[in-house]
Amino acid sequence: MDSLSAPLPPIDRKEFRSALGLFPTGVAVVTANAPDGLSRIGMTITSFNSVSLDPPLVLFSIGKTAYSLPTLCDAAMYSINILGAEHQHISARFATSNGDKWTGTDVEHHDGLPFTLAHSIVAFQCVPYAQHDAGDHVIFVGRVVRIQRRGGTAPLVFFGGSYAALQPSTPISNHQEK
Ligand SMILES: Cc1cc2nc3c(=O)[nH]c(=O)nc-3n(C[C@H](O)[C@H](O)[C@H](O)COP(=O)(O)O)c2cc1C
């Protein structure tokens with residue numbers, strides 16, 4: 001049996017998750033209106049990333065068991081709201097299925113564009129560009145049509161399964177052994 005047809009080695013699920021957690025990320029909440037305009041979804045994600053500058057594309061992935069998935073698959077537009085260091089409670093609220101995610105959540109409406117969370121440091125408003133099936137997740141690629149930049153605060157960070165904040169930046173020296 002050559003190496004191409006050999007069975008792939010199994011990866012321990014727990015070890016995989018814990019290794020992935022060593023990649024620090026920001027924290028975002030993806031939000032969208034259902035196509036009927038009557039209901040809305042929002043869920044916490046760390047799978048957000050940049051893809052392309054021209055055209056302006058971003059991506060995130062959503063687990064196939066997420067309640068929000070069918071709405072996101074059909075949404076005409078969605079927003080990716082990047083959370084600040086003081087928004088840990090918003091991340092926790094939007095990471096809970098079946099909970100009330102909207103009481104006390106301030107949203108902003110924008111004519112002809114998807115709504116955004118008022119408490120985010122920046123929001124990327126997108127129209128769908130592509131969807132890809134990927135194992136137990138669906139990858140969404142969005143084309144950014146507007147950026148709502150609020151700024152003024154440090155981002156919330158997720159690392160090793162816990163929330164973290166960035167330290168004030170310190171220069172990293174190029175250390176060369178002599
Ligand atoms: C910090 C953090 C990051 C998360 N990132 C993702 C993600 O990128 N994709 C995903 O499908 N779920 C992610 N989740 C889990 C969802 O937020 C969680 O399953 C949520 O309850 C889904 O909501 P829904 O079932 O109401 O749609 C994350 C949870 C936390 C706490």
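Under an unreviewed UniProt entry, the name given to the protein is Flavin reductase (DIM6/NTAB) family NADH-FMN oxidoreductase RutF, and the source organism is Pigmentiphaga litoralis. The UniProt entry for the protein carries the following comment under Sequence similarities (unreviewed entry): "Belongs to the non-flavoprotein flavin reductase family."

*Asks:* Which residues make up a nonpolar patch on the surface, and what values do they have?
*Replies:* Residues Ile11, Phe16 and Leu20 make up a contiguous nonpolar surface patch of roughly 330 Å² in combined accessible area. Position of Ile11 relative to the elements: it lies in the segment before helix H1 (13-20).

*Asks:* Residue-level account of the packing of aromatic side chains, with values.
*Replies:* Each pair of aromatic rings is reported with the distance of its centres and the angle of its planes. As enumerated under the stated definition, the model contains seven aromatic pairs in all. Ring geometry for Phe94 versus Trp102: centroids 5.2 Å apart, planes at 75°, classification edge-to-face. On the basis of relative accessibility, which here comes to 1%, the residue Phe94 falls in the buried class. Relative accessible area serves as the criterion here: at 18%, Trp102 is assigned to the buried category. Residues Trp102 and Phe115 carry aromatic rings whose centres are separated by 5.7 Å and whose planes lie at 70° to one another, so their mutual orientation is edge-to-face. Linking Trp102 in the loop between helix H3 (88-93) and strand E7 (107-110) with Phe115 in strand E8 (residues 113-117), this pair joins segments that are 13 residues apart in sequence.

*Asks:* So what's going on with the UniProt feature "domain: Flavin reductase like" (unreviewed entry) in the protein? Which residues, and what values?
*Replies:* Listed under "domain: Flavin reductase like" (unreviewed entry) in the UniProt record, and renumbered for this structure, are residues 20-165. Measuring from the first to the last C-alpha atom of residues 20-165 gives 18 Å, for a span that is 9% helix and 50% strand.

*Asks:* Now, about the pattern of salt bridges: what can you tell me, with residues and values included?
*Replies:* All chains considered together, the criterion is met by two salt bridges. For Asp133, the salt bridge is made with Lys64, and the minimal N-O distance between the two is 2.6 Å. Linking Asp133 in strand E9 (residues 122-134) with Lys64 in the loop between strand E5 (57-63) and helix H2 (69-74), this pair joins segments that are 69 residues apart in sequence. Assessed through its relative accessible area of 38%, Lys64 is described here as partly exposed. Salt-bridge contacts for Glu108 lead to Arg150; the nearest nitrogen and oxygen are separated by 2.7 Å. One end of the pair, Glu108, is in strand E7; the other, Arg150, is in the loop between strand E10 (137-149) and strand E11 (156-159), with 42 residues separating them in the sequence. Judged by its relative accessible area of 29%, Arg150 falls in the partly exposed class.

Rules used throughout
Residues numbered from 1 in each chain as written. Predicted model: local features only at pLDDT ≥ 70, side-chain atom pairs only at ≥ 80, totals over all residues. Heavy atoms only, no water. UniProt positions renumbered as here; feature names shortened; annotations may be inferred. Patch = residues over 30% accessible without salt bridge, like charges linked within 9 Å, V, L, I, M, F, W, Y side chains within 5 Å. Areas by Shrake-Rupley, 256 points an atom, 1.4 Å probe, with all protein chains shown as cover. Salt bridge = Lys/Arg side-chain N within 4 Å of Asp/Glu carboxyl O. Helix = DSSP H or I, 4+ residues; strand = E, 2+ residues; numbered from the N terminus. Phe/Tyr/Trp six-rings, centres within 6.5 Å; stacked < 30°, edge-to-face > 60°. Buried < 20%, exposed > 50% of the residue type's maximum accessible area, 1.4 Å probe, protein only.

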